[in-house]
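Take a look at the letters that make up each chain.
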Number of protein chains: 2
Amino acid sequence: MPSLLKRILFEVAGHPNERTLTLSSASNDGHFISLRPLVKPSTEAEKKFPFEWAFAGTNANIKITPKSEGVAAQDFNFWFDANVYLNVPNTHRGEVNTTWTTWESGCIQETGKVFPFGKDKEGVSFMELWQPVDANRDELIITNDANSKGKSIVFKVDNAEYEGLVIVVGKWTQGFLSKKNGNSIEGLNFLRLLERESGKVEALVDYGKDAQKFPRDFANLKKGSSVDVNGLTWEVIEYTV
Amino acid sequence: MPSLLKRILFEVAGHPNERTLTLSSASNDGHFISLRPLVKPSTEAEKKFPFEWAFAGTNANIKITPKSEGVAAQDFNFWFDANVYLNVPNTHRGEVNTTWTTWESGCIQETGKVFPFGKDKEGVSFMELWQPVDANRDELIITNDANSKGKSIVFKVDNAEYEGLVIVVGKWTQGFLSKKNGNSIEGLNFLRLLERESGKVEALVDYGKDAQKFPRDFANLKKGSSVDVNGLTWEVIEYTV
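Residues numbered from 1 in each chain as written. Chains lettered and ligands numbered in written order. Predicted model: local features only at pLDDT ≥ 70, side-chain atom pairs only at ≥ 80, totals over all residues. Heavy atoms only, no water.

**Q** What exactly am I supposed to notice about the overall build of chain A here?
**A** Helix and strand counts for chain A stand at 2 helices and 18 strands. The C-alpha radius of gyration computed for chain A amounts to 17 Å, which stays within 12% of the reference 18 Å derived for 241 residues, consistent with globular compactness. Counting only C-alpha atoms, chain A reaches 45 × 40 × 35 Å along its principal axes. Relative to its full complement of 241 residues, chain A shows a buried share of 54%. Here the contacts in chain A between residues at least 6 apart in sequence split such that 48% fall between residues at least 24 apart. (Helix = DSSP H or I, 4+ residues; strand = E, 2+ residues; numbered from the N terminus. Rg over C-alpha atoms; globule rule 2.2 N^0.38 Å. Buried < 20%, exposed > 50% of the residue type's maximum accessible area, 1.4 Å probe, protein only. Contact = heavy atoms within 4.5 Å.)

Take a look at the structure:
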């Protein structure tokens, strides 16, 4: 079930806030990407890298276990994690165990614990609140149904030089592309595209030196095919239109 | 500034949840109403009275004091409070002091304390999170701008038999009508209307024996005029179209 979730709240250690316009895309086959750009970057460091975080993975990187009506465990082993890539100190490494509870309102509460100081040290509890939005519309329209149906396309690259994943869900596209063996923001690229009702495509996030290597044309492809974009070959690992 | 806020989260004593589809309407002149219908009433009592709460007031019932950039105190002395009307035990009486903080994401965090066991007893902290939505659209569309501009109409009744307030903000109407000297749900009426893009008006909430006394036609009126609806006379106290 392709879905697009907008984060409404991020609470760490009892302090709720939301400084980003975070969207998490999940494809029909269960591949996923979450981009968390800051709405109002303020420091010089934030202006240079205006993201709280980003992560992505294929369906091999997540295990979903239904627990009870409206409750599921989701265990993540990210393929890409911006904090790991940038080697940010005091951030979590390894599997993240979370619990997702759908409220009667339709919002989904995610709770979990991360271990920024190591698995043997004290953990930090967090809560995130997700609002399902309609991926097939070009505005952020609140919906009770996290299953957006419709278009679900995924591109992947994993060669000697690059790793990358691009997920198209309805009118919303999100992608990352990272240069292997780099550990600085110079090696990171992020993309968020929005197809307007008119058909015009708008780039809401278009970050990084290699951003021109992202696929931006999704017509007439098929699963198992590949596309070359300015010298980079992406594999189409999912294609439902 | 007319606004329409959708509640996303209600947290009491550290337990976040959201069982309602709560909308709070504020008119251009600062009159307000908040209706909190349950999404999935489950018990017999909930099915009979499917509301968590409802309150309303004119701009004489609220004091707003800017505190700093994006932060304001709001002190409520409700004109109508469903808990007071129904004499629900262990619920707050008198002024409620709250703090409203606008996050960078555009959501607004409300925090405060209520005193369900009396002002001299221990208080209970709460937090509510509000998502501004576009009152001029017939879907719940996330917006960063809490000021919806456009239509703002308010009807009031306060006679020997009834108290009531109806607020139209954009395409959304909310109202209450209570029978004086009643203290049971038999005396309560609530209305939530939505004008679809087609012009057709849909009743999302239409509750109570006297609901047919609510005004439902808002054309060609003016401030200071009055309208009769099935024997009840409402005063138009605000009219901007």
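Having put the structure on the table, let's press on.
**Q** Please clarify how the interface of chain A and chain B should be interpreted in this entry.
**A** Accessible area lost when the parts come together is the quantity often used to give the size of an interface. At the interface, 25 residues of chain A touch 25 residues of chain B. When chain A packs against chain B, close to 2200 Å² is buried across both sides, 60% of that on carbon and sulfur atoms. Looking at the side of chain A facing chain B, the largest losses of area belong to W103, E104 and I142 of chain A, adding up to 30% of the total buried there. Run the count over chain A and chain B and you get 4 salt bridges. The set of elements that each furnish at least two residues to the side of chain A that touches chain B consists of β1 (3-12), β2 (15-17) and β11 (124-133) of chain A. (Buried area = accessible area lost by both parts, 1.4 Å probe. Salt bridge = Lys/Arg side-chain N within 4 Å of Asp/Glu carboxyl O.)

**Q** Help me understand the packing of aromatic side chains in this model?
**A** Aromatic ring pairs are reported here in terms of the distance separating the ring centres and the angle at which the planes meet. All names here are of chain B. With the rule as written, the count across this model stands at 40 aromatic pairs over all chains. Between F49 and Y207, the aromatic rings sit 5.8 Å apart at their centres with planes inclined by 75 degrees, giving edge-to-face as the arrangement. On the criterion of sequence distance, the pair formed by F49 in the loop between α1 (44-48) and β5 (51-57) and Y207 in strand β16 (residues 201-207) is long-range, its members being 158 residues apart. With a relative accessible area of 17%, Y207 lands in the buried category. (Phe/Tyr/Trp six-rings, centres within 6.5 Å; stacked < 30°, edge-to-face > 60°.)

**Q** When you look at the environment of K213 of chain A in this model, what are you seeing that I'm missing?
**A** Residue and element names in this part refer to chain A. On the secondary structure map, K213 appears in the loop between β16 (201-207) and β17 (226-229). Distance from K213 to S68, taken between C-alpha atoms, is 43 Å for residues 145 residues apart in sequence. Excluding residues within four positions of it along the chain, K213 makes contact with Y162, L177, V229, N230, L232 and W234.

**Q** Looking at this structure, how should I read the sheet that holds strand β14 (residues 172-179) of chain A?
**A** What holds strands together in a sheet is hydrogen bonding between their backbones, with the strands either parallel or antiparallel. Residues and elements named next belong to chain A. With respect to topology, 7 strands assemble into an open sheet ordered β16-β15-β14-β13-β12-β18-β17, the strand pairing being antiparallel. The sheet is open, and its two borders are formed by β16 and β17, each paired with just one other strand. Geometrically, the sheet is characterised by an average inter-axis angle of 15 degrees between neighbouring strands, direction not taken into account. Pairing of β17 with strand β18 (residues 232-240) involves 4 bridges; the strand directions are antiparallel. (Pairing = 2+ DSSP bridges. Axes fitted to C-alpha atoms, helices over the stretch in contact; angles between N-to-C directions.)

**Q** Mind showing me how you'd approach the domain arrangement of chain A here?
**A** Residues and elements named next belong to chain A. When the domains of chain A are assigned, the result is domain 1 (3-133) and domain 2 (152-240). Placing the centre of domain 1 and that of domain 2 at their C-alpha centroids yields a distance of 21 Å. In this complex, domain 1 contributes 28 residues to the contact, which on the side of domain 2 involves 30 residues. Taking both partners together, domain 1 and domain 2 bury about 2400 Å²; carbon and sulfur atoms supply 71% of that area. (Domains from an automatic or database assignment.)

**Q** What exactly am I supposed to notice about the environment of F218 of chain B here?
**A** All names here are of chain B. Within the secondary structure layout, F218 lies in the loop between β16 and β17 (226-229). Residue F218 is classed as buried on the basis of its relative accessible area of 14%. In contact with F218, other than residues within four places in its own chain, are I153, F155, V168, T173, L193 and Y239.

**Q** Teacher, can you tell me more about the sheet that holds strand β13 (residues 162-169) of chain B here?
**A** All names here are of chain B. Pairing within the open sheet is antiparallel, and its 7 strands lie in the order β16-β15-β14-β13-β12-β18-β17. Strands at the two margins of the open sheet, each flanked by one partner only, are β16 and β17. Direction aside, the axes of adjacent strands within the sheet are offset by 15 degrees on average. In this sheet, β16 lies alongside strand β15 (residues 188-195) in antiparallel orientation, the contact comprising 6 bridges. Directly across from R192, in β16, lies its bridge partner V205.

**Q** What is the right way to read the relation of the copies chain A and chain B from this model?
**A** Copy one and copy two of the chain differ by a rotation about a common axis and a shift along it. Mapping chain A onto chain B calls for a screw motion: a turn of 180 degrees about the axis and a shift of 0.0 Å along it, with 0.0 Å RMSD after fitting. This pairing of chains is accounted for by a two-fold axis. Closest approach to the rotation axis among the C-alpha atoms of chain A is made by I141 of chain A, whose C-alpha sits 2.2 Å away. Most of the interface of chain A is mirrored in chain B, where 100% of its interface residues are also at the interface. (Least-squares fit on C-alpha atoms with pLDDT ≥ 70 in both.)

**Q** How do you make sense of the nonpolar core when you look at a structure like this?
**A** The biggest cluster of nonpolar side chains holds 80 residues, and the ones touching the most others in it are F76, F80 and F190 of chain A together with F76, F80 and F190 of chain B. Leave out the neighbours within four places in its chain, and F80 of chain B touches A54, F55, A56, Y85, F176, S178, L188 and F190 of chain B. (Core = buried A, V, L, I, M, F, W, Y, C linked by side-chain atoms within 4.5 Å.)

**Q** Explain the side chain of T143 of chain B here, please?
**A** All names here are of chain B. Position of T143 among the secondary structure elements: in the loop between β11 (124-133) and β12 (152-158). Here the side chain of T143 touches D145 through a polar contact of 3.1 Å, landing on its backbone nitrogen. Each residue touching T143, except ones within four places of it in the same chain, is listed here: Q131, P132, V133 and D134. (Polar contact = N/O pair within 3.5 Å; in protein donor to acceptor, adjacent residues only side chain to side chain.)

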